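Residue-level structure breakdown
So you can see what is in the structure, the chains are spelled out below.
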Amino acid sequence: MIRIGDVGQNVAALQQGLKSAGADIEVDGWFGEETEKAVIRFQRNQGLMVDGVAGPATLGRLNPNGTPTTGKELCEKDLKAAAKKLGVQLAAIKAVTEVESKETGFLPSGRPVILFERHVMFRRLDTSTRTRNAAKFPAIVNEKPGGYVGGDGEWRRLKRASVIDLSTAIESASWGLFQIMGFHWQGLGYASADEYSEAMHRNEGEHLEAFVRFIKQDKALHAALKDRDWPTFAARYNGPAYTRNQYDTRMATAYDRYRLLGRCS
């Protein structure tokens, strides 16, 4: 993630890429306002999320010979649709997306980012199945959290868990850009855990759609977002320890920046 205020060779490479794409900027290794404006113009032309930050999607479009993009990136139209569904300002949904989501919802393999939670699998299995498999496979069925390996390794864990029970395995993982747990599928309006998984495989727009549904099912959370009551929103979404990571102040700062970007665009 390269953003305003950054300096160095990565910024110079970004500026060179923007210049090759037609931007009239100086390659000086400093991410100032002119570079930010150039990033915004490029993102808008490409249909990407317009945030003025050069993340994986923007960098991938600028450098097709580098790390390939998945083709499933979150788009500006996705954010606008989400803001309309929730009845909130575009700047507000962008602020929440910046703070509460991961940098990317997909792995280089093209599969959605997941985190398999063995303790959730333990809780959701019936007593006899839980006891039997916890003894045999403690790495994937365990009353304690842990066993994480990250990346595609989480998919290997999910595959092993699916042999025990596919639906429960899906329910026991957090999915995509916003890492929403699979066990929410019914409350979010999906027909099954498998349908939820299929949606998470499509694109980051579907990840955002699940996030929108998650917000709408919690009236207090939805109201806090509408009112831009960032402490209440952060507390309900992240739990009482939200202040440790300053989620509320980060969202407030991001909202102000996106509102200003909207006025200047």
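A short tour of the structure in this document, coming up.

Quick look at the environment of Ala12 now. For Ala12, the position within the fold is in helix H1 (residues 9-20). For the pair Ala12 and Gly29, spaced 17 residues apart in sequence, the C-alpha separation works out to 4.1 Å. Those residues within four positions of Ala12 in sequence are excluded, and the remaining contacts are Val27 and Gly29.

Inspection of the secondary structure puts Ser172 in the loop between helix H9 (166-171) and strand E2 (173-175). A relative accessible area of 0% places Ser172 in the buried class. One polar contact links the side chain of Ser172 to the main-chain carbonyl oxygen of Thr168, over a distance of 2.7 Å.

It is worth spelling out unusual backbone geometry at this point. The backbone of Gln179 shows a phi angle near 50 degrees, a positive value even though the residue is not glycine. With respect to the helices and strands, the residue Gln179 is situated in the loop between E2 and strand E3 (180-181). If you check the backbone angles, Arg228 has positive phi at about 55 degrees while not being a glycine. Under the relative-accessibility criterion, Arg228 is labelled partly exposed at 32%.

Here we come to the nonpolar core. A general feature of soluble globular proteins is that nonpolar side chains tend to end up buried together. Residues Trp175, Tyr196, Phe211, Leu225 and Phe233 are the most contacted members of the largest nonpolar core, which totals 61 residues. Here Phe211 is in contact with Val96, Phe178, Ile180, Phe233 and Tyr237, once residues within four sequence places are set aside. Ile2, Val11, Leu14 and Phe31 belong to the second-largest nonpolar core, a separate cluster that totals twelve residues.

A complete count under the given rule lists 13 salt bridges for this structure. Arg61 serves as the salt-bridge partner of Glu73, at 3.9 Å between the closest nitrogen and oxygen. Here the residue Glu73 occupies a position in the loop between helix H3 (56-62) and helix H4 (76-86), and Arg61 occupies one in helix H3, the gap between them amounting to twelve residues. Across the pair Asp78 and Lys77 runs a salt bridge, and its minimum N-O distance is 3.6 Å. Taking the relative accessible area as the measure of exposure, Lys77 reaches 61% and is therefore exposed.

Further remarks concern the environment of Gln16. Tracing the backbone through its elements, the reader meets Gln16 in helix H1. Relative accessible area serves as the criterion here: at 40%, Gln16 is assigned to the partly exposed category. Taking the C-alpha atoms as reference points, Gln16 and Glu34, 18 residues apart in sequence, are found 13 Å from one another.

Enumeration according to the criterion identifies eight aromatic pairs in this entry. Centroid distance Tyr190 to Tyr196: 5.2 Å. Interplanar angle 75 degrees. Geometry classified as edge-to-face. Taken as a pair, Tyr190 and Tyr196 share a single burial class, namely buried. The interplanar angle of 50 degrees and the centroid separation of 6.0 Å between the aromatic rings of Trp230 and Tyr255 together place this pair among those described as tilted. Of this pair, Trp230 sits in helix H13 (residues 230-238) while Tyr255 sits in helix H14 (residues 247-264), placing them 25 residues apart in sequence. Exposure remark for Trp230: the relative accessible area of 6% places this residue in the buried category. Grouped by ring-pair contacts, the aromatic residues Phe178, Phe211, Phe214, Phe233 and Tyr237 constitute a single cluster. Between the NZ or CZ atom of Arg213 and the centre of the ring of Tyr190, over which it lies, the distance is 4.3 Å. In this structure, Arg257 is placed above the aromatic ring of Tyr258, and the distance from its NZ or CZ to the ring centre is 4.7 Å.

So, how was this worked out
Residues numbered from 1 in each chain as written. Predicted model: local features only at pLDDT ≥ 70, side-chain atom pairs only at ≥ 80, totals over all residues. Heavy atoms only, no water. Helix = DSSP H or I, 4+ residues; strand = E, 2+ residues; numbered from the N terminus. Contact = heavy atoms within 4.5 Å. Buried < 20%, exposed > 50% of the residue type's maximum accessible area, 1.4 Å probe, protein only. Polar contact = N/O pair within 3.5 Å; in protein donor to acceptor, adjacent residues only side chain to side chain. Core = buried A, V, L, I, M, F, W, Y, C linked by side-chain atoms within 4.5 Å. Salt bridge = Lys/Arg side-chain N within 4 Å of Asp/Glu carboxyl O. Phe/Tyr/Trp six-rings, centres within 6.5 Å; stacked < 30°, edge-to-face > 60°. Lys NZ or Arg CZ within 6 Å of the ring centre and 35° of its normal.

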